[in-house]
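Survey of secondary and tertiary structure
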Amino acid sequence: RAYLVHPPRLGGRWRVVPRVLRTSVASVSGSVTPPKLPRVFANTATRHENPQIHLGFHACLLCVWNNLTMAPEDPASRRVRALKEQIVPGGGLDDVRGATVAHTTEALSNDTSHDQTRPSPGGGPGSLTVIDNRTGKRYHIPIELGGYVRANAFGKITAAGDGNGLKLFDPGYTNTAPCKSRISFIDGEAGILRYRGYKIEELAEKSAYLETSFALIYGDLPNEKQLSEWSTTIMRHSALPVPVIAALEALPHDAHPMGVILAGLNALSTFHPEQNPALKGSDIYNNHHVQDKQIVRIIGKMTTLAAHAYHRNTGRVPAPPNQHLGYAENFLYMLDAGLDRHHRPNARLAKALDTMFLLHAEHEMNCSTAAARHLASSGVDVYSAVAGAVGALYGPLHGGANEAVLKMLSRIGVVENIPVFLKGVKEKKEKMFGFGHRVYRNFDPRAGVIQKIAEEVFSLVGKDPLIDVAVALESAARNDSYFVERKLYPNVDFYSGLVYRALGFPPEFFTVLFAVPRATGYLAHWRESLSDPDVKIMRPQQVYQGIWLREYPRIRNRPPCSGEDRMWTVAQSNASRRRLAGETFDQQPPGGFAGETTGNAVQTNYPYGFGGLAISAESANPLANPAFSAGGGGGGGPRGG
């Protein structure tokens with residue numbers, strides 16, 4: 001059994017200690033007999049009379065006694081302190097008593113229950129007995145070892161009608177698992193995220209992005225030699241082909257950075273035909289060397305693509321990648337060393353960005369990762385699969401959430417406006433971004449780490465004035481029953497936008513900083529799918545609710561299509577109107593052409609455009625044809641049409 005004691009002379013910290021140490025701790029601290037707590041571990045195999053072994057028990061609760069000198073923190077202490085900051089940022093011991101302590105204890109007990117032996121997922125294997133009340137038939141559906149049932153088992157449940165079996169209607173795939181995976185684990189109720197079994201908090205503290213990427217892709221952390229080879233190989237593949245750079249520079253200067261990334265990934269696909277299953281056969285990726293080559297290429301080139309996307313908006317050219325720098329450090333170098341090749345990025349800022357990359361590297365079966373799996377199931381090349389995933393990440397409901405948080409905080413402006421804003425949220429007049437999560441119903445374990453990174457970055461580059469608004473908004477929401485009852489806690493996006501802005505990135509670039517590290521997660525799932533014996537081309541079902549059958553009417557007798565589904569009027573741009581206001585030359589204009597005419601054709605000598613070509617009068621102005629006149633959305637700018 002464990003007891004709660006307060007030894008003020010030994011670090012000033014409430015500690016949970018094993019029963020055998022009760023007398024010694026109490027005598028040293030001079031405190032009264034501590035209150036007894038419920039047993040928190042059922043593993044009796046570790047209970048020995050040796051105090052050193054008892055000290056190996058994980059702590060159940062560690063509360064900081066703020067006004068006393070603190071002893072060095074162990075990992076359990078750090079986890080609890082991060083959790084306490086999630087509950088009441090900057091609060092003292094009095095702030096986390098009562099219901100908050102109960103909430104914290106519950107969350108920690110969920111966490112520690114996973115540390116020993118994983119509970120049976122979904123209650124373990126077994127079976128379901130389904131009685132179809134329509135027919136009276138009974139069906140036995142196996143519950144597999146992983147706590148799931150196979151969806152096609154329900155397809156065997158049939159009744160009258162069309163004779164087809166039941167479908168499982170699950171919009172948004174809220175309870176659908178399209179694959180089995182060993183890459184990452186999330187327990188949203190307990191606020192747990194792990195990469196390959198490693199806690200995200202511990203990786204953020206001790207590891208680095210490339211080291212963690214190796215673990216995500218290959219299953220475990222590398223040793224020193226493997227890490228050196230892995231990092232060197234990735235940095236060696238960081239340069240882009242010159243024609244890819246030319247393609248990126250041909251894009252508009254105001255193109256969204258994510259569009260530039262997508263263009264670059266698709267261009268890279270065409271430059272490596274030796275890995276394309278459409279050209280080399282569907283079994284090309286069975287070759288381990290081909291897999292590895294594409295993995296290091298994509299991870300290595302993502303930061304270079306991002307640097308070009310950044311400077312497409314600035315009008316400058318990024319510095320060539322420096323293979324002698326670290327991953328995040330090289331990215332900052334490419335951004336800032338274009339005018340000074342001797343520039344060296346700040347090491348602490350590079351480390352902060354590297355940790356941000358690590359936190360965003362993987363997140364189970366989210367929208368974009370599911371898109372990568374979906375595309376990979378068709379056998380498409382890996383560049384196209386990653387590009388499709390990045391396209392899904394482009395959406396504001398997925399990768400653009402941190403940008404939305406920053407815009408929200410800017411709209412609030414000052415702390416005094418928070419009550420009015422929260423009232424608007426409750427009345428459905430405002431949207432609050434950065435709170436709540438599709439998966440996490442307790443807290444996002446990455447948010448506490450990012451809050452610390454924010455403090456580090458602000459200490460180097462200055463405090464963002466919006467941080468006061470963010471902290472006050474978080475505090476107000478945590479103390480408002482409306483948000484507490486709905487389990488709306490800050491997620492990873494709430495503080496990340498402030499960090500990125502402090503690092504000098506514009507809001508439209510935030511999603512790129514999400515896409516760069518998430519490429520590792522996409523590649524890990526792509527590689528895992530290649531050896532998945534259950535993999536099939538993804539082809540979901542639908543529930544058809546349209547008109548059952550109609551006859552095709554002749555167009556002369558057909559009534560006009562009516563209702564909201566018809567095509568509305570597509571407005572013409574001013575540029576289109578200008579062109580359509582012109583005329584088509586049916587004969588030689590006054591003064592003649594700058595060339596010779598032959599019949600109905602015009603032989604031009606214009607220095608631009610049609611030099612040496614014969615143009616018929618009918619094709620001279622295709623926009624005069626009504627078939628071309630309906631298009632042309634957009635403004636009257638140079639790209640309007």
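On a predicted model such as this, the values are computed, not experimentally measured, just so you know.

As for the overall build of the chain
Assigned secondary structure in the chain consists of 24 helices and 10 strands. Out of the 641 residues belonging to the chain, those deemed buried represent 42%. Residue pairs in contact within the chain that sit at least 24 positions apart in sequence constitute 67% of those at least 6 positions apart. Accessible area for the chain stands at about 35,000 Å²; split by element, carbon and sulfur atoms hold 54% of it.

Overview of the pairing of strand β3 (residues 126-131)
With six bridges connecting them, β3 and strand β4 (residues 138-143) associate as antiparallel partners. Opposite T129, over in β4, you have H140 as the bridge partner. Joining the antiparallel neighbours β3 and β4 is a turn of six residues, in which G136 adopts a positive phi near 80 degrees.

Details of the side chain of H360
Along the chain, H360 falls in the loop between α13 (347-359) and α14 (367-376). H360 gets classed as buried once you look at its relative accessible area, which sits at 1%. Here the side chain of H360 touches M356 through a polar contact of 2.9 Å, landing on its backbone oxygen.

Here we look at the pattern of salt bridges
Proximity of charged atoms lets side chains of opposite charge pair with each other. For the coordinates displayed, the defined rule picks out 15 salt bridges. Among the ionic pairs, R134 bridges to D132, the shortest N-O distance being 2.9 Å. For R134, a relative accessible area of 53% gives the class exposed. The exposure class assigned to D132 is buried, which follows from its relative accessible area of 7%.

Notes on the confidence of the model for the chain
Mean pLDDT over the chain stands at 78; residues scoring 70 or higher make up 72%. Throughout residues 1-73 the model reports pLDDT below 50, and contacts reaching past four residues in sequence, or to other chains, amount to 115 contacts. Below pLDDT 50 for its whole length, residues 597-640 participates in 69 contacts with residues either more than four positions away or in separate chains.

Some remarks on the packing of aromatic side chains
The final tally for this structure, using the stated rule, is 16 aromatic pairs. Residues Y209 and F357 carry aromatic rings whose centres are separated by 5.8 Å and whose planes lie at 65 degrees to one another, so their mutual orientation is edge-to-face. Of this pair, Y209 sits in helix α6 (residues 209-218) while F357 sits in helix α13; the two residues are 148 residues apart in sequence, bridging distant segments of the chain. When sorted by exposure, Y209 lands in the same class as F357, which is buried. Pairing F331 with F505 gives two aromatic rings, centres 6.2 Å apart and planes at 10 degrees, and the pair type is stacked. Note that F331 is positioned in helix α12 (residues 327-336) and F505 in the loop between α21 (492-502) and α22 (510-530), a separation of 174 residues in sequence. Members of the aromatic cluster, each reached through a chain of ring pairs, are Y209, Y310, Y327, F331, F357, F505 and F509.

Examining the packing of α6 against helix α11 (residues 288-314)
Where α6 contacts α11, the two axes come as close as 13 Å, and the packing angle between them is 145 degrees. Crossing angle aside, the handedness with which α6 passes α11 is right-handed. Across the interface between the two elements, L210, I217 and Y218 from α6 touch H288, D292, I295 and I299 from α11. Grouping the amino acids of the contact of α6 with α11 by side-chain chemistry returns five nonpolar, one polar and one charged.

Some points on the environment of A472
Mapped onto the fold, A472 is located in helix α19 (residues 466-478). Counting along the chain gives 56 residues from A472 to E416, while the straight-line C-alpha distance between them is 9.4 Å.

Observations concerning helix α18 (residues 445-461)
Helix length check: α18, at 17 residues, gives a terminal C-alpha distance of 25 Å against a target of 24 Å (1.5 Å per residue), a fit within 8%. All of the buried residues along α18 are P445, R446, A447, G448, V449, I450, Q451, I453, A454, V457 and F458.

Things to note about the pairing of strand β5 (residues 184-187)
Strand direction decides the pairing type here: β5 and strand β6 (residues 192-195), joined by four bridges, are antiparallel. Bridge pairing links F185 to R194 in β6. Counting the residues that bridge the hairpin from β5 to β6 gives four residues, and of these G191 lies at a positive phi of roughly 70 degrees.

Describing α12
The element α12 is extensively covered by neighbouring structure, given that nine of its 10 residues are classed as buried. When we look at burial in α12, the residues that qualify are Y327, A328, E329, N330, F331, L332, Y333, M334 and L335. Where α12 is buried, its residues touch α6, α7 (224-236), α11, α13 and α22.

A short note on the sheet that holds strand β7 (residues 198-199)
Strand order in the open sheet made by the three strands is β5-β6-β7, with antiparallel pairing throughout. If you trace the sheet from one side to the other, it starts and ends with β5 and β7, each paired once.

What to know about the nonpolar core
Core analysis: the biggest nonpolar cluster contains 110 residues, and Y327, F331, M432, L473 and F505 have the highest contact counts within it. Setting aside residues no more than four positions away along its own chain, M432 makes contact with M408, F421, L422, V425, L473, A477 and F483. Ranked by size, the runner-up nonpolar core spans five residues in total, among them I141, A153, F154 and I157.

Cut-offs applied
- Residues numbered from 1 in each chain as written.
- Predicted model: local features only at pLDDT ≥ 70, side-chain atom pairs only at ≥ 80, totals over all residues.
- Heavy atoms only, no water.
- Helix = DSSP H or I, 4+ residues; strand = E, 2+ residues; numbered from the N terminus.
- Buried < 20%, exposed > 50% of the residue type's maximum accessible area, 1.4 Å probe, protein only.
- Contact = heavy atoms within 4.5 Å.
- Areas by Shrake-Rupley, 256 points an atom, 1.4 Å probe, with all protein chains shown as cover.
- Pairing = 2+ DSSP bridges.
- Polar contact = N/O pair within 3.5 Å; in protein donor to acceptor, adjacent residues only side chain to side chain.
- Salt bridge = Lys/Arg side-chain N within 4 Å of Asp/Glu carboxyl O.
- pLDDT = per-residue confidence, 0-100.
- Phe/Tyr/Trp six-rings, centres within 6.5 Å; stacked < 30°, edge-to-face > 60°.
- Axes fitted to C-alpha atoms, helices over the stretch in contact; angles between N-to-C directions.
- Left-handed = near helix turned anticlockwise from the far one by under 90°.
- Nonpolar A, V, L, I, M, F, W, Y, C, P; charged D, E, K, R; others polar.
- Expected span 1.5 Å × (residues − 1).
- Core = buried A, V, L, I, M, F, W, Y, C linked by side-chain atoms within 4.5 Å.

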